[in-house]
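Breakdown of the fold
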Amino acid sequence: MIIMPKRALISVSKKDGLIDFARFLVNKGVEILSTGGTYKLLKENNISVVEISEFTGFPEMLDGRVKTLHPKVHAGILNIRDNKNHRETMATHNLKDIDMVVVNLYPFEETVSKENVSLDEAIENIDIGGPSMIRSAAKNFKFVTVVTDPKDYGKIINEMDVKGGVSFETRIDLARKAYSLTAFYDSMISNYFNRLLGIKFPEYATVSGRLKEIMRYGENPHQDSAFYVHPLIKEVSVSTSKQLQGKELSFNNIVDINSAFELLKEFDEPAVVIVKHNNPCGVAIGKDLLEAYLLALECDPISAFGGIVALNRIVDKSVAEEMKKLFLEVIIAPAFDNEAIQLLAEKKNLRLIETGEISKYRDPELDLKKVVGGFLLQDRDLHQLDDIRSLPVPTKRKPTDFEYKALDFAWKVAKHVKSNAIVYSNDRQTIGIGAGQMSRVDSSKIAALKARKPIDGLAMASDAFFPFRDSIDEAAERGIKAIIQPGGSIRDEEVIKACDEHGIAMVFTGIRHFKH
């Protein structure tokens, strides 16, 4: 059923495209009702409009909190046009139909995103009348067109011109979109209060997101996927970044970029992280990015092919020239200078992602893991060692200065490797990484097999305790001289004894970093 609206209520905070749309409606013979700033803007542009207080017979009151919450408004929207009783009620009370509702909501997200916003200011930017009108109009989509996004103005103009009104298919789709908006809006408000009151796990958990990009496909080509971004996020991340060049990102690209960039945040020094299939295959720090990149690549250049590279400084021509030599999927960095952009533009499919300056700020959001029929929420693993030299050393031998630095580096990396995780490193570069094995000793063996340089005299990090001494014996055979691990196994004494037998220094962190 095609419906040409006769009366539209317009009340918007986002006013882009509004003047042309409202003028079109008036030219089509649509009477416009409006409120507050929207009414003023339409009047200033010589668009015929009726103020809502004139329509309802009641003034706006309570500092604008009550203006559209009125039976004349909601009856006008909600009455079922082909219901005899509804039509008689409308006639009895001299009520008029409202066939189109054009509403978007108070800028709650923008308000609470500001620094030091007060609770009172946040509360006054919680829209009440807007969501009420949107829900009413969406519920009665058979007869009413609800418009919540200025991007839809063009579609409606085209239908009214070509079809003589708005189609049922468009009205129901706009209703779907409207309910998505109000659910998103309410979830922001709910999560704001949860954060304000320090409630991590409320009775009803809402996960809100704004569509950023439709992916080409999911983990595999037969799976559809999309990338959504949480509102109110301030932390520099893959979600807040922008793509400068290259083909569309894939689902797997986003996952890998996130893994690489979150590991990168562990370092203040010039650092480079190379990730493949959601695990680091090379991590290094250096006096500059070029040195760090070459050291990171040296760890596992074979796995780096087709990988993701994350860097924590501006990418210049010298680094770009080296990265250009290798097939890479994505490079993510705070910025790229003009020479680097021009050079890398020659690889048209290579995605360049710019994040802006990396800060120490971390958002207090929770980590979500999906399971069939539900999801799990937990704190993000943001734990960092304050002073590695203050940690307990249960072995006879203490780490040397070099070993302490190497242990600290290896521990930062192990935190971001899929469990069971083993990392062999010196004080500035990974040498071998064993990831995601069902037994810890297998990860130890794989890390050694992956090493392209000798690991004699280096450090070893384990994301969780050693259940047996076999990993210690394996590491000792390869020449490892220092180990960092959480401790806490019932066989700790056996493990400590093995370290003492091999002359290995060991540090206990008391913290585990499982990453499933």
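Reading the values: the criteria
- Residue indices begin from 1 for each chain and proceed along its sequence in written order.
- Totals for whole chains, interfaces and linings use all residues, but because this is a predicted model, local features are given only for residues with pLDDT of at least 70 and pairs of side-chain atoms are given and counted only at 80 or more.
- In computing side-chain values, all of the structure's heavy atoms are included and hydrogens and water are not.
- Only one rule defines a salt bridge in this text: a Lys or Arg side-chain nitrogen within 4 Å of an Asp or Glu carboxyl oxygen.
- Three exposure classes are used, based on accessible area relative to the maximum for each residue type with a 1.4 Å probe and protein chains only: buried under 20%, partly exposed in between, and exposed over 50%.
- Classification of ring pairs rests on two measures: the distance between centres of Phe, Tyr or Trp rings, Trp counted by its six-membered ring, which must be within 6.5 Å, and the angle between planes, read as stacked under 30 degrees, edge-to-face over 60 and tilted in between.
- Elements are defined by DSSP. Helices are runs of H or I of four residues or more, strands are runs of E of two residues or more, and each kind is numbered from the N terminus.
- Following DSSP output, two strands are said to pair if at least two bridges run between them.
- Contacts: residue pairs with any heavy atoms within 4.5 Å of one another.
- Structural elements are reduced to axes, namely lines fitted to C-alpha atoms, with helices fitted over the stretch in contact, and the angle between N-to-C directions of any two is expressed from 0 to 180 degrees.
- Domains are outlined according to an automatic or database domain assignment.
- Accessible area that two parts lose when put together, with a 1.4 Å probe and added across both, is what the buried area reports.

**A look at the pattern of salt bridges**
A side chain of one charge can pair with a side chain of the opposite charge if their charged atoms are brought near each other. The tally for this structure, following the rule as stated, stands at 38 salt bridges. The partner of Glu121 in a salt bridge is Lys114, with the nearest N and O atoms 2.7 Å apart. For Glu121, a relative accessible area of 29% gives the class partly exposed. Classification of Lys114 as partly exposed rests on a relative accessible area of 42%.

**Considerations on the packing of aromatic side chains**
Evaluation of the coordinates by the stated rule reveals seven aromatic pairs. Where Phe21 meets Tyr153, the ring centres are 4.3 Å apart and the plane angle is 5 degrees; that geometry is what we call stacked. In this pair, Phe21 is assigned in helix 1 (residues 18-27) and Tyr153 in helix 9 (residues 153-162), connecting sequence segments 132 residues apart. Their ring planes at 35 degrees and their centres at 5.4 Å tell us that Phe267 and Phe409 sit as a pair that is tilted. Of the two residues, Phe267 is situated in the loop between helix 11 (251-264) and strand 9 (271-276) and Phe409 in helix 16 (residues 401-414); the sequence distance between them amounts to 142 residues. Here the two residues Phe267 and Phe409 agree in accessibility, since each one is buried. In textbook terms, an aromatic cluster arises when at least three aromatic residues are bridged by ring pairs, as seen for Phe108, Tyr185, Tyr192 and Phe193.

**Concerning the sheet that holds strand 1 (residues 7-11)**
Read from one edge to the other, the open sheet built from five strands follows the order 3-2-1-4-5, with strand pairing classed as parallel. Of all the strands in the sheet, the pair left with one neighbour each is strand 3 (50-51) and strand 5 (145-147). The sheet contact formed by strand 4 (residues 100-103) and strand 5 spans three bridges and is parallel. By the bridge assignment, Met100 is partnered in strand 5 with Thr145. Those strands touched by helix 1 are strand 1, strand 2 (31-34) and strand 4, and its axis lies near 165 degrees from that of strand 1.

**As for the domain arrangement of the protein chain**
Looking at the assigned domains, one finds that the protein chain contains domain 1 (7-197), domain 2 (235-381) and domain 3 (383-508). A straight line from the C-alpha centre of domain 2 to that of domain 3 covers 26 Å. Between domain 2 and domain 3, the residue contacts involve 21 residues of the former and 20 residues of the latter. Carbon and sulfur atoms make up 50% of the area that domain 2 and domain 3 hide from each other, which totals about 1,900 Å². Taken together, domain 2 and domain 3 are joined by four salt bridges. Two residues, Glu298 and Lys453, come together in a salt bridge whose shortest N-O distance is 3.5 Å. Sorting the residues of the side of domain 2 that touches domain 3 by element identifies helix 11, strand 10 (279-285), helix 12 (289-299) and helix 13 (301-304) as the ones contributing at least two each. No other element matches strand 10, which puts seven residues into the side of domain 2 that touches domain 3.

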